[in-house]
Amino acid sequence: MRKVVSGLFVSLDGVAQSPDQWQFAFDEEMGAALAGTLETCDTILLGRVTFTEWAGYWPTVTSGEDAGFAQWINGSPKYVVSSTLDSVDDWSNSTLVKGDLATAVKELKAGEGKDITVAGSPTLVRSLLEQDLLDELVLLIHPVVAGEGRKKLFSDNSPLKKLELVSAQPTSSGVIIATYRPTH
């Protein structure tokens, strides 16, 4: 059965919103970890906000250092979880997921293919974790306090959820790549 895996940039104070504003270093080890996702996953889950932001950018990237990722994400099937969008036709290979999240994810996991990655979408990651639909959470923990009212990955009133540490790797820029699996 396929796994659902999320990889997120997060600050020491738990902020996952707008990493482009507080992520100061991107090192070789982080690149290797993200490249691993491209090799092990062939399907992408996106929340509405990430889809809306990315659909206007990634289809336009055809060269430069981001061209490889652009080719991968543009060509991969994307499932967009939203209760407010009416269409996701403006980005090829995108399907709108309406209705029950658990049913949709269970159908994807039972299907053929490699693993499923959640791209960005911290709100979706929280929902997947709360509903026991997330198999692995990879946090790239940056040595920075992002603050300034940005949204945290988990709110102060999130339900208790235990996870086990699978691996932890410090990188040359001081980021820690920590992989967790929910305990059931």
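Placed above this text is the structure.
Quantities reported herein were computed from a predicted structural model and do not represent experimental measurements.

## Digging into the overall build of the protein chain
On a plain count of helices and strands, the protein chain comes out with five helices and eight strands. Mapped from its N terminus to its C terminus, the protein chain presents α and β elements in the order β-α-β-α-α-β-β-α-β-α-β-β-β. Taken over the C-alpha trace, the protein chain has a radius of gyration of 16 Å; the compact-globule value for 184 residues is 16 Å, and the two agree within 12%. For the protein chain, the spread of C-alpha atoms along the three principal axes comes to 40 × 40 × 35 Å. By the burial criterion, 40% of the 184 residues in the protein chain qualify as buried. In the protein chain, the proportion of contacts linking residues at least 24 apart, taken out of those at least 6 apart, comes to 70%. Carbon and sulfur atoms provide 52% of the accessible area of the protein chain, an area that totals close to 10000 Å². Across the protein chain, the mean location of the 15 positive side-chain charges is 6 Å away from that of the 24 negative side-chain charges.

## Re the sheet that holds strand S8 (residues 176–182)
Taken together, the eight strands give an open sheet; going across it, the order is S4-S3-S2-S5-S1-S6-S8-S7, and neighbouring strands pair in mixed fashion. At either end of the open sheet lies a strand with only one pairing partner, and these are strand S4 (94–97) and strand S7 (163–170). Sheet twist, expressed as the average angle between the axes of neighbouring strands with direction ignored, equals 25°. Where strand S1 (residues 4–11) lies against strand S5 (residues 115–119), four bridges are found, and the strand directions are parallel.

## A few points about unusual backbone geometry
Phi angles above zero are rare outside glycine, and Ser-18 is one such case at about 50°. Among the secondary structure elements, Ser-18 is positioned in the loop between S1 and helix H1 (28–40). Overall, the relative accessible area of 23% leaves Ser-18 in the partly exposed class. At Asn-93, a position not held by glycine, the phi torsion is positive, near 65°. Within the secondary structure layout, Asn-93 lies in the loop between strand S3 (78–81) and S4.

## Describing the pairing of S3
Pairing of strand S2 (residues 41–47) with S3, which is carried by four bridges, proceeds in the parallel orientation. In the strand pairing of S3, Gly-47 is matched with Val-81. In terms of strand pairing, S3 meets S4 through four bridges, oriented parallel. Bridging from a neighbouring strand, Val-80 pairs with Leu-96 of S4.

Cut-off values and rules
- Sequence positions are assigned chain by chain, starting from 1 and proceeding in written order.
- Selection of residues for local features in this predicted model requires a pLDDT of at least 70, selection of side-chain atom pairs for listing and counting requires 80 or more, and totals for whole chains, interfaces and linings are taken over all residues.
- No hydrogens and no water enter the side-chain calculation; it runs on all heavy atoms of the structure.
- Numbering of helices and strands starts at the N terminus; helices are DSSP runs of H or I of at least 4 residues and strands are runs of E of at least 2.
- As defined in this context, the radius of gyration uses C-alpha atoms, and a globule is described by 2.2 Å times the residue total to the power 0.38.
- A simple rule labels every residue: compare its accessible area, found with a 1.4 Å probe on the protein chains alone, to the largest value its type can have, and call it buried under 20%, exposed over 50%, or partly exposed in between.
- In what follows, a contact means two residues having at least one pair of non-hydrogen atoms within 4.5 Å.
- Computed with the Shrake-Rupley method and a 1.4 Å probe, the accessible areas treat only the protein chains shown as cover for residues.
- When charges are counted, Lys and Arg are positive and Asp and Glu negative, with His and the chain ends excluded.
- Taken as the charge centre is NZ of Lys, CZ of Arg, CG of Asp or CD of Glu, depending on the residue.
- Note on pairing: two strands pair once DSSP finds at least 2 bridges between them.
- Every axis corresponds to a line fitted to the C-alpha atoms, with the helix fit spanning only the stretch in contact, and the corresponding angles, defined between N-to-C directions, vary from 0 to 180 degrees.

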